[in-house]
Amino acid sequence: MTHVVLVDNQDSFVYNLVDAFAVAGYQCTVFRNTVSVEEILAAKPDLICLSPGPGHPLEAGNMMKLIAEVIGKVPILGICLGFQALLEHFGGEVVPCGPVHGTTDNMVLEEAGQELFGSLTTDAGLENNFRGTLVPVARYHSLGCVNPPEQLAPMGTCDSAIGRVVMAAKTTDNMAIGLQFHPESVLSPAGPIILDRCIELLISQKQGSAQ
């Protein structure tokens, strides 16, 4: 069974993620972001999920230290604040983009997002919600990034007060995926499928690199 270690950035969505992982059949262990990197790694995660949370990623406990230690070695799925932490790690600028809280917005897919998101219409049975390259996703954030670092390939974007912010991105080695939106929210209609696809891609990449 895939073991997901969830880093809790003290957000109300954390246990929605725990429930989503349980429903999907993953073993999940939760650590607060104040727990040491050594203790987190001692749990032997197959994948690390960086949770949503308040504030700026540079202020989120040991999360930045954890990314620096495991990037490229252990698959990482960063959600909202967790994604912003990945952006910061690679030198991206995470800045206020105007608060967008509790709304469903249409994420416009980039070429790099076709593999994960392109066939959601058929798989999720949501033909009436999808229009070509548009994917409805839940937005709860006030920070964002419009110019992602070169190490992160944008998979989708949405409008914001400062321009088009990156809503999903992945590293070129497929060992880290970031989602600015909340797949665990009911406002992301295909959220469970998106979570599964992200984890499957990350785990398969880890297994492939180990061979």
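Calculation notes
- Residues numbered from 1 in each chain as written.
- Predicted model: local features only at pLDDT ≥ 70, side-chain atom pairs only at ≥ 80, totals over all residues.
- Heavy atoms only, no water.
- Helix = DSSP H or I, 4+ residues; strand = E, 2+ residues; numbered from the N terminus.
- Rg over C-alpha atoms; globule rule 2.2 N^0.38 Å.
- Buried < 20%, exposed > 50% of the residue type's maximum accessible area, 1.4 Å probe, protein only.
- Contact = heavy atoms within 4.5 Å.
- Core = buried A, V, L, I, M, F, W, Y, C linked by side-chain atoms within 4.5 Å.
- Pairing = 2+ DSSP bridges.
- Arc of directions from axis to C-beta.
- Axes fitted to C-alpha atoms, helices over the stretch in contact; angles between N-to-C directions.
- pLDDT = per-residue confidence, 0-100.

Along the backbone of the chain there are seven helices and nine strands. Taken over C-alpha atoms, the radius of gyration comes to 16 Å for the chain, in line with the 17 Å a tight globule of 211 residues would show. Its C-alpha atoms give the chain principal-axis dimensions of roughly 45 × 35 × 30 Å. Burial analysis of the chain (211 residues in total) assigns 52% to the buried set. Sequence separation of at least 24 residues holds for 73% of the intrachain contacts in the chain that already meet a minimum separation of 6.

Within the largest apolar cluster, 36 residues are counted, with the highest numbers of intra-cluster contacts made by Leu77, Met107 and Phe117. Residues contacting Met107, with those up to four places away along its chain left out, are Phe117, Thr133, Leu134, Val135, Val137, Gly156, Thr157, Cys158, Met167, Ala168 and Phe181. Core analysis: the second largest hydrophobic core is formed by 20 residues, Val37, Ile48, Met64 and Ala176 among them.

Let's shift gears to the pairing of strand S7 (residues 152-160). Along a regular strand, successive side chains alternate from one face of the sheet to the other. Note: strand S5 (residues 95-109) against S7, two bridges, orientation antiparallel. Across the sheet, the residue bridging to Leu109 is Gly156, located in S7. In this sheet, strand S8 (residues 163-171) lies alongside S7 in antiparallel orientation, the contact comprising eight bridges. What sits directly across from Asp159, in S8, is Arg164.

A separate point is the side chain of Gln84. For Gln84, the location among the structural elements is in helix H4 (residues 81-89). Discounting residues that sit within four places of it in the chain, Gln84 has contacts with Gly55, Pro57, Val94, His141, Leu143 and Gln180.

Turning next to helix H3 (residues 63-70). For H3, the full list of buried residues reads Met63, Met64, Leu66, Ile67 and Val70. The buried side chains of H3 occupy one side of the element, clustering within an arc of 160° when seen end-on. Among the exposed residues of H3, those oriented more than 90 degrees off its buried face are Lys65 and Ala68. Along its buried surface, H3 packs onto strand S1 (3-8), helix H2 (37-42), strand S3 (47-50), strand S4 (76-79) and H4.

For the rest of this paragraph, the subject is the sheet that holds strand S6 (residues 134-144). Pairing within the open sheet is mixed, and its nine strands lie in the order S2-S1-S3-S4-S9-S8-S7-S5-S6. Every interior strand has two partners, whereas the edge strands, strand S2 (27-32) and S6, have only one. Taken pair by pair, the neighbouring strands of this sheet meet at an average axis angle of 25°, ignoring direction. Taken together, the four bridges between S4 and strand S9 (residues 176-179) define a ladder with parallel strand orientation.

To continue, consider unusual backbone geometry. The phi torsion at Gln10 lies on the positive side, around 60°, for a residue other than glycine. Within the secondary structure layout, Gln10 lies in the loop between S1 and helix H1 (14-24). Under the relative-accessibility criterion, Gln10 is labelled partly exposed at 44%. Positive phi values are uncommon outside glycine, yet Lys44 reaches one of about 55°. Its location among the elements puts Lys44 in the loop between H2 and S3.

Interpretation of the predicted coordinates at a detailed level should be avoided for regions scoring low in pLDDT. On average, residues of the chain score 91 in pLDDT, and 92% of them are at 70 or above. In this model, residues 127-131 is a region of pLDDT below 50 whose contacts with residues beyond four sequence positions or in other chains number eight contacts.

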